[in-house]
Amino acid sequence: MDILYWFESIRVPVLNEFMLLVTRFGEETLFLVAAMTMLWCVDKRKSYYLLAVGFLGLISNQFLKITCRIPRPWVLDPEFTILEQAREAAAGYSFPSGHTQTAVGTFGSIAAVTKNRVVKTLCVAICILVPISRMYVGVHTPLDVSVAAVMALLLICVLQPMAGEKSKKWMPWIMGGMVLCALAFWGYIELFPFPADIDAHNYSSAVSNAYKFLGAIVGFAVVYIVDEKWLHFEVKAVWWAQIIKVAIGFVLVLLVKSGLKAPLNALIGASAGAAVRYFLIVIVAGIVWPLSFKFFKGLGNKE
């Protein structure tokens, strides 16, 4: 806690706002934007790599959270204060840091595959600043962020073959492994006899995440198979067409993510609804929307 108290002692309004902005780079929305932009506009192989690092990182992170069940810093030490603006996004157990896992996994993957020095430098800076911001705002300890960062870096290294020239050799094995990991986590959450005093909110969050991961990863496997066998969508287009492609595609994905939540929850329940919804999000992003890419490529040709 000494480090957290030091960060607490140097808080000033300007730095507070900066750190609150930086910490948002570890949120799910930024992960989705980065993954979809790479999938739709840059390189499918590299996007699969980024998605695999992200999905497996989230599963390992959530497994440790619900298994270790370590409270947040302000719960461990009631004398410690956090930035109140960060409290809402700090639901769930503390160890390890989900924002750090997402930020280092996402931007570390991009840094690993890009040759652009400016992009690489910015990504590395984000990987460093997000863990610092989580401690500065007071929602994580050094152990929380360091373990999350190490797990993300390990996945970046281990899954590196997915971004290489021989990725097709590894993809079926990695996809199969991801589905098995998602099934294992789902089974663990549903079948393990957790203690009666487990925090209800945290357990509910873990159950929801287990179903989301299962739906998203099964959808990811379906997208890979469909594209390899039939779709073969191309990502190239003129720059302004790429911007339109990403903007409309992201709105479409958000409509699926938000618009189907209430109907699916009412129809099949919150847990199954989460699995179906995240499956459909991935299917729309990886199969349905790419059906329009010939049109966007044609705009580039006319240009």
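Residues numbered from 1 in each chain as written. Predicted model: local features only at pLDDT ≥ 70, side-chain atom pairs only at ≥ 80, totals over all residues. Heavy atoms only, no water.

Undergrad: Mind showing me how you'd approach the overall build of the chain here?
TA: Tallying secondary structure elements over the chain gives 14 helices and zero strands in all. Walking the chain from its N terminus toward its C terminus, one meets helices and strands in the order α-α-α-α-α-α-α-α-α-α-α-α-α-α. Taken against the 2.2 N^0.38 rule, which gives 19 Å for 303 residues, the C-alpha radius of gyration of the chain at 20 Å falls within 12% of a compact globule. Overall, the chain is about 65 × 45 × 35 Å in size when its C-alpha atoms are taken along their principal axes. Scored against the burial criterion, the 303 residues of the chain give a buried share of 50%. When the accessible surface of the chain is summed, it comes to about 14,900 Å², and 70% of that surface belongs to carbon and sulfur atoms. Between the averaged position of the 26 positive side-chain charges in the chain and that of its 19 negative side-chain charges there is a distance of 13 Å. (Helix = DSSP H or I, 4+ residues; strand = E, 2+ residues; numbered from the N terminus. Rg over C-alpha atoms; globule rule 2.2 N^0.38 Å. Buried < 20%, exposed > 50% of the residue type's maximum accessible area, 1.4 Å probe, protein only. Areas by Shrake-Rupley, 256 points an atom, 1.4 Å probe, with all protein chains shown as cover. Lys, Arg positive; Asp, Glu negative; His and termini not counted. Charge placed at Lys NZ, Arg CZ, Asp CG, Glu CD.)

Undergrad: It is not clear to me how the packing of helix α6 (residues 98–113) against helix α7 (residues 117–136) should be interpreted in this structure. Could you clarify?
TA: Here α6 crosses α7 at 170°, and the two axes come no closer than 8 Å. The angle between α6 and α7 places the two elements in the roughly antiparallel class. Note on element contacts: α7 touches α6 through Val119, Lys120, Cys123, Val124, Ile126, Cys127, Val130, Pro131 and Arg134, opposite His99, Thr100, Ala103, Val104, Phe107, Gly108, Ile110 and Ala111. (Axes fitted to C-alpha atoms, helices over the stretch in contact; angles between N-to-C directions. Parallel < 35°, antiparallel > 145°, perpendicular 65-115°, else oblique. Contact = heavy atoms within 4.5 Å.)

Undergrad: Is there a simple way to think about the environment of Ala149 in this case?
TA: Relative to the assigned elements, Ala149 resides in helix α8 (residues 142–158). Classification of Ala149 by relative accessible area gives buried; the value is 16%. Placed 40 residues apart in sequence, Ala149 and Ile189 show a C-alpha to C-alpha distance of 24 Å. Once you skip the residues sitting within four places of it in the chain, Ala149 turns out to touch Thr100 and Val104.

Undergrad: Can you help me understand a nonpolar patch on the surface in this one?
TA: The grouping of Leu180, Leu183 and Trp186 at the surface amounts to a nonpolar patch, some 290 Å² of accessible area in total. Mapped onto the elements of the fold, Trp186 is located in helix α9 (residues 167–191). (Patch = residues over 30% accessible without salt bridge, like charges linked within 9 Å, V, L, I, M, F, W, Y side chains within 5 Å. Salt bridge = Lys/Arg side-chain N within 4 Å of Asp/Glu carboxyl O.)

Undergrad: Where do I start with the packing of helix α3 (residues 28–42) against helix α11 (residues 239–259) in this structure?
TA: Each pair of packed helices gets described by two things: the angle between the helix axes and the distance between those axes. Interaxial distance between α3 and α11 falls to 10 Å at its minimum, and their mutual angle equals 130°. Looking at the two axes, α3 sits oblique to α11. Classified by chirality, the crossing of α11 by α3 is right-handed. Contact residues: α3 offers Glu28, Thr29, Leu32, Val33, Met36, Thr37, Trp40 and Cys41, while α11 offers Gln242, Lys245, Val246, Gly249, Phe250, Val253 and Lys257. Partitioned by chemical class, the residues of the contact of α3 with α11 number eight nonpolar, four polar and three charged. (Left-handed = near helix turned anticlockwise from the far one by under 90°. Nonpolar A, V, L, I, M, F, W, Y, C, P; charged D, E, K, R; others polar.)

Undergrad: How should I be thinking about unusual backbone geometry in this particular structure?
TA: The residue after Phe95, namely Pro96, is reached through a cis peptide bond having omega -10°. As for its position among the elements, Pro96 is in the loop between α5 (73–76) and α6. Of note in this structure, His232 is not a glycine but carries a positive phi near 50°. Structurally, His232 is set in the loop between α10 (200–231) and α11. Look at His232 and you get partly exposed, because its relative accessible area is 47%.

Undergrad: What is the right way to read the side chain of Gln101 from this model?
TA: Among the secondary structure elements, Gln101 is positioned in helix α6. For Gln101, a relative accessible area of 4% puts it in the buried group. Not counting chain neighbours up to four residues away, the residues in contact with Gln101 comprise Gly57, Leu58, Ser60, Asn61, Ala148, Met151, Ala152 and Leu155.

Undergrad: Could you clarify how one ought to interpret the packing of aromatic side chains in this entry?
TA: Aromatic rings in a pair are described by how distant their centres are and how their planes are angled relative to each other. In this structure the tally under the stated criterion is 19 aromatic pairs. For the ring pair Trp6 and Phe7, a centre distance of 5.1 Å and an interplane angle of 65° mean the geometry is edge-to-face. Among the residues examined, Phe7 registers a relative accessible area of 10% and is labelled buried. On the basis of an interplanar angle of 55° and a centroid distance of 5.7 Å, the ring pair of Tyr48 and Phe220 is categorised as tilted. Here the residue Tyr48 occupies a position in helix α4 (residues 44–68), and Phe220 occupies one in helix α10, the gap between them amounting to 172 residues. You'll find Tyr48 and Phe220 in the same group, each marked buried. Between Lys44 and the ring centre of Phe233, over which it is positioned, the NZ or CZ distance is 4.3 Å. (Phe/Tyr/Trp six-rings, centres within 6.5 Å; stacked < 30°, edge-to-face > 60°. Lys NZ or Arg CZ within 6 Å of the ring centre and 35° of its normal.)

Undergrad: Explain the nonpolar core here, please?
TA: The nonpolar side chains of a soluble globular protein tend to be buried with one another. If you look at the biggest cluster of nonpolar residues, it comprises 81 residues, and the most contacted ones within it are Trp40, Leu159 and Ile189. Broken down by element, the residue count for this core peaks at twelve residues, all from α10. Residues contacting Trp40, with those up to four places away along its chain left out, are Val235, Gln242, Lys245, Val246, Gly249, Phe250, Val253, Ala285, Trp289, Pro290 and Phe293. With 15 residues, the next largest nonpolar core counts Phe7, Phe80, Leu83 and Ala90 among its residues. (Core = buried A, V, L, I, M, F, W, Y, C linked by side-chain atoms within 4.5 Å.)

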